[in-house]
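Now for the letters of each chain:
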Amino acid sequence: YERLYSLPGVYEQIVTDRLECRSPWVIAAMLGEAADRLGWKRASLRVLDVAAGNGVSGDALADEGLGVVGRYGTDIVEAARVAALRDRPDVYGDYLTLDLLALSDRQRARVTGWHCEVLCCVAPVGAYRAALPPAALAAATSLLADDALVAYMHDVARGDDDPVTSELLT
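Residues numbered from 1 in each chain as written. Predicted model: local features only at pLDDT ≥ 70, side-chain atom pairs only at ≥ 80, totals over all residues. Heavy atoms only, no water.

**What about the overall build of the chain?**
If you tally the helices and strands in the chain, you get 8 helices and 5 strands. Ordered by position in the sequence, the α and β elements of the chain form the string α-α-α-β-α-β-α-β-α-β-α-β-α. Its C-alpha radius of gyration of 15 Å places the chain within 12% of the 15 Å reference for a compact globule of 170 residues. Viewed in the frame of its principal axes, the chain has a C-alpha envelope of about 40 × 35 × 35 Å. Split into buried and exposed, the 170 residues of the chain put 45% on the buried side. When the accessible surface of the chain is summed, it comes to about 8800 Å², and 53% of that surface belongs to carbon and sulfur atoms. (Helix = DSSP H or I, 4+ residues; strand = E, 2+ residues; numbered from the N terminus. Rg over C-alpha atoms; globule rule 2.2 N^0.38 Å. Buried < 20%, exposed > 50% of the residue type's maximum accessible area, 1.4 Å probe, protein only. Areas by Shrake-Rupley, 256 points an atom, 1.4 Å probe, with all protein chains shown as cover.)

**Details of the side chain of S57**
Here S57 shows up in helix α4 (residues 56-63). Setting aside residues up to four positions removed in sequence, S57 forms contacts with P24, D49, A52, Y92 and V122. (Contact = heavy atoms within 4.5 Å.)

**Quick word on the sheet that holds strand β1 (residues 46-49)**
The 5 strands are arranged β3-β2-β1-β4-β5 in an open sheet whose pairing can be described as parallel. At either end of the open sheet lies a strand with only one pairing partner, and these are β3 (94-97) and β5 (149-153). Taken over all neighbouring pairs, the strand axes of this sheet differ in orientation by 15° on average, direction set aside. Looking at chain direction, β1 and strand β2 (residues 70-75) are connected through 4 bridges and run parallel. When the sheet's bridge partners are listed, R46 is paired in β2 with G70. Most of the contacts of α4 go to β1, to which it runs at about 155°, and overall it touches β1, β2 and β4 (118-124). (Pairing = 2+ DSSP bridges. Axes fitted to C-alpha atoms, helices over the stretch in contact; angles between N-to-C directions.)

**A word on helix α5 (residues 78-87)**
Among the residues of α5, A80, A83 and A84 are the ones counted as buried. One side of α5 holds all its buried residues, which, seen down the axis, span an arc of 100°. Looking at the buried positions of α5, the neighbouring elements they touch are α1 (2-6), β2 and β3. (Arc of directions from axis to C-beta.)

**A look at the packing of helix α3 (residues 23-38) against α4**
Packing of α3 against α4 brings their axes to within 8 Å, and their N-to-C directions diverge by 40°. The pairing of α3 with α4 is recorded here as oblique in orientation. You can see that α3 and α4 cross each other, and the crossing is right-handed. Of α4, the residues touching α3 (which contributes P24, W25, A28 and L31) are V56, S57, A60, L61 and D63. (Parallel < 35°, antiparallel > 145°, perpendicular 65-115°, else oblique. Left-handed = near helix turned anticlockwise from the far one by under 90°.)

**Let's talk about the side chain of T16**
Mapped onto the elements, T16 comes out in helix α2 (residues 10-18). Apart from residues no more than four positions distant in its own chain, T16 is found in contact with Y11, C21, R22 and W25.

**Looking at the state of the cysteines**
Taken as a whole, this structure holds 0 disulfides when the rule is applied. Here C120 is not cross-linked by a disulfide; its sulfur's nearest cysteine counterpart is in C121, at 7.2 Å. C121 sits in the buried class, given a relative accessible area of 0%. (Disulfide = S-S within 2.5 Å.)

**Some words on helix α7 (residues 134-141)**
The element α7 is largely enclosed, with a buried count of 6 among its 8 residues. All buried positions along α7 are accounted for by P134, A136, L137, A138, A139 and A140.

**Focus: the nonpolar core**
Core analysis: the biggest nonpolar cluster contains 21 residues, and L48, V50, L100, L119 and C121 have the highest contact counts within it. Counting only elements with at least two residues in this core, the list comes to β4 and α7. The element best represented in this core is α7, accounting for 4 residues. Residues in contact with L100, not counting those within four places in the same chain, are V50, A136, A139, A140 and L143. Membership of the second largest hydrophobic core comes to 15 residues, among which are L31, A35, V122 and A151. (Core = buried A, V, L, I, M, F, W, Y, C linked by side-chain atoms within 4.5 Å.)

Taken by themselves, the reported measurements are silent on function.
Pasting the structure below:
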């Protein structure tokens, strides 16, 4: 990822254009529709974008009018943060490089201080090597405001959803 993020536009060319990945826009649309059904104003929501990468998912959230008040990104890879701030300087109010499974007290306080009501995770979640571990997604949900919306991507070709669901319910 470090090399991919270091070259502006290459991630988009490979993942969005060639592989035709539409997950960021599908998940953002789902979150927008859910917020509408709940009577929540999209613009006034604070959104935590976990494993935000170079900010493509943040762009999709912005396209849906989500998180105008506050859109915040996190990733474990520093190069992702650098790329997001370089390529999309206006998408996130703040973006932290952190490990959700090893948060410092300062990091925990900073993220909970954002008071996010929505969590978006477009990175695949699961038990395989290239995925965000279910425990990391569960840790992220513990940083949200009560009754938050959570949307994440799960690759059904890689197995069922039970590890993720059970982790989130504990």
